[in-house]
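# Examination of the molecular architecture
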Amino acid sequence: MPMTNTSSYTNVQYLQRQAASLLLYQSVLQGEVGIAFLELLQAIRYTDADARSCLQAYGSYFYALAARNQNWEDYLITQLLFSKNPFTKLAEVREFKDLPPAIVAAVEHDLQILQSLYKCSSASLSEWIQGVAQMPISPVVWYKEQELVGVEIFATYLQQLDNWGDAVEELAAYYRQCGSGLFAEYRALRWQAGQFIGIRYSDPIKLSALVGYESQKDALLKNTEFLLSGEMALHVLLYGSRGSGKSSLVKSLLNEYSNRSLRLLEVSKSDLKDLPEIAEHLRGVSQKFIIFVDDLSFEEDDDAFKALKVVLEGNLTARPDNVVVYATSNRRHLIREFFVDRPAPKDNEEIHAWDTMQEKLSFSDRFGLTLTFEPANQKTYLKIVQHLAAQAEINITQEDLEFQALQWATRHNGRSGRTARQFVDFLKADLILFNVNKDTSDTSD
């Protein structure tokens, strides 16, 4: 019904008071959509509201929902489940019976408020705008089919409740199992400028796409299983020739185990100095973390060397049992060494210089597990090509495939898993284009 009577304005003002009284879940309304929703309520709250301002506010609200490709109802529930606040932090690490009563009461209060806001659909807001602006028809309503992937079970549970306040214990159980905040929302993250940044589109590489280096793969999988089962997992160094699939293997673990609360955190070499701080942020979190450092090497007196050494070896602070470091490198000795560094018995030089050099050279030994990736021989290279070609459903003879693959390796970057992937991607695109052109030619004839 168009918003033409006092009771409708009273409803809007009631929703504003409700939103303002949230105790723990203020973050639900602090995103772009939540802010646009509150500004829209503010625009239409008075009987003498300016029609132009109301229409602009509704446009901003519609745009924010469309940009996220979510309904208002879906947005509200996902923000609720991914919220980070004192209750979610405690619920991750404590049993429900051990939570402070005041915290539980505050969550019950907030859930009832969020239920009221949930019922304020985009269709209702559109009708209210129609009344305020005295339009013959209501503005277009943003709507799409619900797609609460990953949280649909709890969302369905909430939608079936008459009173969301009754869901506090179930909500606590959800946080205990799935976590909260960025670590619940994203499977892959990076540490950047002193904060965690979610990666919405992580590398889709799957373990099944990786062929060769089976023993290295099995060792890494077993160590990752240790991490996921709560056992003491080892830090791992994957070193060897470029293009051998070291990084792809680590990234494939995310697609293999993310449903078991595994998270992959990318840390660049320039940010390694923050590793001790990062480890403390992750301590006690319900998810398991692989800190992924790609292409690792150090210069002499590098601060990052010292920070990584603290995380690998520990100090007086106990190592978090839900965190391991997986690093890749093309160098077995991670700290660059020059011939001039090698000690000679000269005056005014460090007496124990050999000890210093050995500490640098043995740094890789501080990783509990070192996996070596040797350059691919011709047999391994062709095996990888055949596997990838089969997955890509490339229909050419094995003889022709191998001949072209070897030519490609000669003309490009040599034999490696990366070269095989590039060759198969190129061949697939080339065959598709050839068939398209052939069909076009046949049609024109």
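Let me begin by describing the structure that accompanies this report.

Basis of the calculations
- Residues numbered from 1 in each chain as written.
- Predicted model: local features only at pLDDT ≥ 70, side-chain atom pairs only at ≥ 80, totals over all residues.
- Heavy atoms only, no water.
- Helix = DSSP H or I, 4+ residues; strand = E, 2+ residues; numbered from the N terminus.
- Buried < 20%, exposed > 50% of the residue type's maximum accessible area, 1.4 Å probe, protein only.
- Contact = heavy atoms within 4.5 Å.
- Areas by Shrake-Rupley, 256 points an atom, 1.4 Å probe, with all protein chains shown as cover.
- Polar contact = N/O pair within 3.5 Å; in protein donor to acceptor, adjacent residues only side chain to side chain.
- Salt bridge = Lys/Arg side-chain N within 4 Å of Asp/Glu carboxyl O.
- Expected span 1.5 Å × (residues − 1).
- Arc of directions from axis to C-beta.
- Pairing = 2+ DSSP bridges.

### Observations concerning the overall build of the protein
A count of helices and strands for the protein gives 18 helices and 7 strands. Relative to its full complement of 445 residues, the protein shows a buried share of 45%. Put simply, of all contacts in the protein between residues at least 6 apart along the chain, 78% involve residues at least 24 apart. As displayed, the protein offers around 23,600 Å² of accessible surface, 50% of which is attributable to carbon and sulfur atoms.

### A look at the side chain of Thr224
Of note, Thr224 is situated in helix 11 (residues 214-228). A polar contact of 2.8 Å, which involves the side chain of Thr224, links it to the backbone oxygen of Leu220. For Thr224, the contacting residues outside a window of four places in its chain are Leu253, Tyr257, Leu262, Ile290 and Tyr326.

### A look at the pattern of salt bridges
Pairs can form between side chains of opposite charge once their charged atoms are near each other. Applying the stated rule across the entire model yields 10 salt bridges. For Glu280, the salt bridge identified is with Arg283, shortest N-O distance 2.7 Å. Given the relative accessible area of 40%, Glu280 is considered partly exposed. Judged by its relative accessible area of 31%, Arg283 falls in the partly exposed class. The partner of Asp425 in a salt bridge is Arg421, and the shortest N-O contact between them spans 3.5 Å. With Asp425 and Arg421 both in helix 18 (residues 417-444) and 4 residues apart, the pair spans about one turn of that helix. Overall, Asp425 belongs to the partly exposed group, its relative accessible area being 40%. We classify Arg421 as partly exposed; its relative accessible area is 31%.

### Some details on helix 16 (residues 378-391)
Along its 14 residues, helix 16 runs 20 Å from first to last C-alpha, staying within 8% of the 20 Å computed at 1.5 Å per residue. Here helix 16 has its buried residues at Tyr381, Leu382, Ile384, Val385, Leu388 and Ala389. Down the axis of helix 16, the buried set is contained in an arc of 155 degrees. They therefore lie on one face. Turned more than 90 degrees away from the buried face of helix 16, the exposed residues are Lys379 and Ala390. Measuring from the side-chain oxygen of the N-cap residue of helix 16 to the backbone nitrogen of Lys379 gives 3.2 Å; that N-cap residue is Asn377.

### Here we look at the pairing of strand 1 (residues 188-192)
Where a strand is regular, its side chains alternate between the two sheet faces. Bridge count for strand 1 against strand 2 (residues 195-199) is 5 bridges, and the pairing is antiparallel. Following the sheet pairing, Trp191 is matched in strand 2 by Phe196. Count of turn residues in the strand 1/strand 2 antiparallel hairpin: 2 residues, of which Ala193 carries a positive phi of about 55 degrees. Across 3 bridges, the pairing between strand 1 and strand 4 (residues 262-266) is parallel. If you follow Arg190 over to strand 4, its bridge partner there is Glu266.

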